[in-house]
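So the chains spell out like this:
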Amino acid sequence: MSGQLIDQWNGPPTQKESLRVFYLVLQVCQYLMIGQVKSVKPCLKQLQQSILSITSLHADDDPLPNNPVEMFHWLPKEHMCVLVYLVTVMHSMQAGYMDKAQKYTDKALMQIAKLKMVDSHPILSTFQLMLLEHIIMCRLVMGNKTVAVQEIVQACQLCHQHPNLMATHRPQIHTLLGLYAMSMNCMEAAEAQFNTALRLSTLTELWTFINLNLAIVYLRTNRETDLMGLLERIDPERIVANSHSLKASAYYVRGLQSFFQTRYNEAKRYLRETLKMANAEDLNRLTSCSLVLLGHIFLSLGNSRESINMVTPAMQLASKIPDLHVQLWASALLKDLYHLCGDPVREHEGYQLHTNFSNLLLKDYFDSSQLSAHNLIQWTEGSFPITAFPLSSAVGPGAEIYSSPTITDVLDKA
């Protein structure tokens, strides 16, 4: 209805397009908040087309409106462009297009740096922080912990410069530290970070996301009593968050729990529900995780043929994302499966893949553990320890002058 009203309005072209961008941003964010990654695509495409249109218009050519209401101006054109980059990164991260998310993040940060040289508006720092939060999660999926933890430090430094950001985003910072600690197999630190984030968070979706990851920590450390105390909060049938992706993730965690307890038929039921929900909204990473876990279950049951039918597409999807951890898991399964099938050539290929992925992750693990930034996983109380991490010029206004691409260059056809 609102979109039709905007289409029918005969106001100044720039004002009309600005209003359309405002409406589409609200729509896209609503879809992303509830994890509907596939359903949002038409709106996101419209938003990208609309921002291309508005950059070609000149407000000076518009006649002055008689009605003050028609002078609604919510963001400068340049800030709108950055916001469209940001929502595109959010979509790419949720859909499992990590390379695309990285490309848009780089271009968005370039644009922010250029704008900060002229006017360091607070909203630019908010956009910058949200970009960092999303790209950090992408780095962890791609097996790049070394860069991820340094970007967490950048996010903390940015929050230190803007105390209001620290007040509103500290739960997210501790959540990211928890995810990083998990990837480094530092489970005690991960638990401490997640509990700190839970204590500080008032956001239902974030609260649920943290609890799901905390459940995986308990599963990986064989703490069944603690896990049982958490199950009610992550029950997919009773989950509080109104999010398709979080509900699908809850089914996955329950499937993982059943797998660890060798209740394979129950695990398969949960994982098939995860797959149904993930496929409905193109949640590619959740699909690949569910497929490889189903493959592991079928291998445990001695059904090699069905296991290969699960693991092969899981590996293909993980390679597209790319998700280095799922690739490592899938290659280990394929190596064993081809050995059971008496196929030495493919078994050797699987062995080589597994060795390559393992070496990449081990090198990244070692490099990351040597960084001073790694010690940040111990920070749960008090102010950010700024003396241990002096302010990087990369977070300051005008850290570097970039040659900024046009919006047309950036929003190429997805």
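Here the structure is shown first, and the text comes after it.
Right, let's walk through the structure included here. Predicted, not measured: the structure shown is a model, and the values here were computed from it.

**Examining the overall build of the protein chain**
Helix and strand counts for the protein chain stand at 18 helices and zero strands. Each of the 414 residues in the protein chain was classed as buried or not, and the buried ones make up 50%. About 19,300 Å² of surface is accessible on the protein chain, with carbon and sulfur atoms providing 54% of the total.

**Description of the nonpolar core**
Core analysis: the largest hydrophobic core is formed by 127 residues, its most contacted members being Val28, Leu47, Ile152, Phe194, Leu376 and Trp379. Top element by residues in this core is helix α4 (residues 77-95). It accounts for 12 residues. Sequence-distant contacts of Ile152, defined by excluding residues within four places in its chain, comprise Ile136, Leu176, Leu177, Tyr180 and Leu376.

**A look at the side chain of Ser18**
Here Ser18 lies in helix α2 (residues 13-33). Apart from residues lying up to four places away in sequence, Ser18 is in contact with Ile54, Trp74 and Met80.

**Here we look at helix α7 (residues 145-161)**
Structurally, the α-helix is built with 3.6 residues per turn, so residues lying three or four positions apart point the same way. Over its 17 residues, α7 extends 24 Å from the first C-alpha to the last, a length consistent with the 24 Å expected when each residue adds 1.5 Å. Most of α7 sits inside the fold, with 12 of its 17 residues counted as buried. For α7, the set of buried residues is Lys145, Thr146, Ala148, Val149, Glu151, Ile152, Val153, Ala155, Cys156, Gln157, Leu158 and Cys159. Packed against the buried residues of α7 are α5 (98-118), α6 (122-141), α8 (163-183), α16 (324-340) and α17 (344-369).

**Examining the state of the cysteines**
Tallied over the full model, the rule gives zero disulfides. The thiol of Cys156 is not disulfide-bonded; the next cysteine sulfur, from Cys159, is found 6.5 Å away.

**Topic: the packing of aromatic side chains**
Evaluated as defined, the whole model comprises four aromatic pairs. With a centroid separation of 5.8 Å and 65° between ring planes, the pair formed by Phe259 and Phe260 is classed as edge-to-face. Accessibility expressed as a relative area gives 14% for Phe259, which makes it buried. For Phe260, a relative accessible area of 45% translates into the label partly exposed. Ring geometry for Trp379 against Phe384: centres 5.6 Å apart, planes inclined by 70°, an arrangement best described as edge-to-face. Clustering of aromatic rings is evident, with ring pairs tying together Phe259, Phe260 and Tyr264. Of note, Lys103 hangs over the ring of Tyr104, and the distance from its end group to the ring centre comes to 5.2 Å.

**Quick word on the packing of α4 against α5**
Where α4 contacts α5, the axes come no closer than 9 Å and their chain directions differ by 160°. As the angle between them shows, α4 and α5 are arranged roughly antiparallel. Crossing of α4 against α5: the hand is left-handed. Facing Glu78, His79, Val82, Tyr85, Thr88, Val89, Ser92 and Met93 of α4, the residues of α5 in contact are Met98, Lys100, Ala101, Tyr104, Thr105, Ala108, Gln111, Ile112 and Leu115.

**Digging into helix α14 (residues 284-300)**
Taking 1.5 Å of rise per residue, the 17 residues of α14 would be expected to cover 24 Å, and the 24 Å separating its terminal C-alpha atoms lies within 8% of that figure. With 14 of 17 residues buried, α14 is to be regarded as a mostly interior element. Positive backbone phi, approximately 85°, marks Gly302, located one or two places after α14.

About the cut-offs
- Here the residue numbers are simple positions, counted from 1 along each chain's written sequence.
- Local features in this predicted model are restricted to residues whose pLDDT is 70 or higher, and side-chain atom pairs enter the listing and the counts only when it is 80 or higher, whereas totals over whole chains, interfaces and linings include all residues.
- With hydrogens and water excluded, all non-hydrogen atoms of the structure serve as input to the side-chain values.
- Helix and strand assignments come from DSSP, with helices taken as H or I runs of at least 4 residues and strands as E runs of at least 2, each series counted from the N terminus.
- Three exposure classes are used, based on accessible area relative to the maximum for each residue type with a 1.4 Å probe and protein chains only: buried under 20%, partly exposed in between, and exposed over 50%.
- Per-residue and other accessible areas follow the Shrake-Rupley method at a 1.4 Å probe size, with only the shown protein chains counted as cover for residues.
- By convention a nonpolar core is built from buried Ala, Val, Leu, Ile, Met, Phe, Trp, Tyr and Cys residues, the set being connected through side-chain atoms within 4.5 Å.
- Residues count as neighbours in contact if any of their non-hydrogen atoms are within 4.5 Å of one another.
- Each residue after the first adds 1.5 Å to the expected span of a helix.
- Note on terminology: disulfide denotes any pair of cysteine sulfur atoms within 2.5 Å.
- Note on ring pairs: Phe, Tyr and Trp rings are taken, using the six-membered ring of Trp, and paired if centres are within 6.5 Å. Classes follow the plane angle, with under 30 degrees stacked, over 60 edge-to-face and the rest tilted.
- Only when the NZ atom of a Lys or the CZ atom of an Arg is both within 6 Å of the ring centre and within 35 degrees of the ring normal do we say a charge sits over the ring.
- Only the stretch in contact is used when a helix axis is fitted, and all axes are lines through C-alpha atoms; the angle between N-to-C directions ranges over 0 to 180 degrees.
- An angle counts as roughly parallel when it lies under 35 degrees, as roughly antiparallel when it exceeds 145, as roughly perpendicular when it falls between 65 and 115, and as oblique in every other case.
- By the definition used in this description, the sense in which the near helix is turned from the far one sets the handedness, with an anticlockwise turn below a right angle giving left-handed and a clockwise turn giving right-handed.

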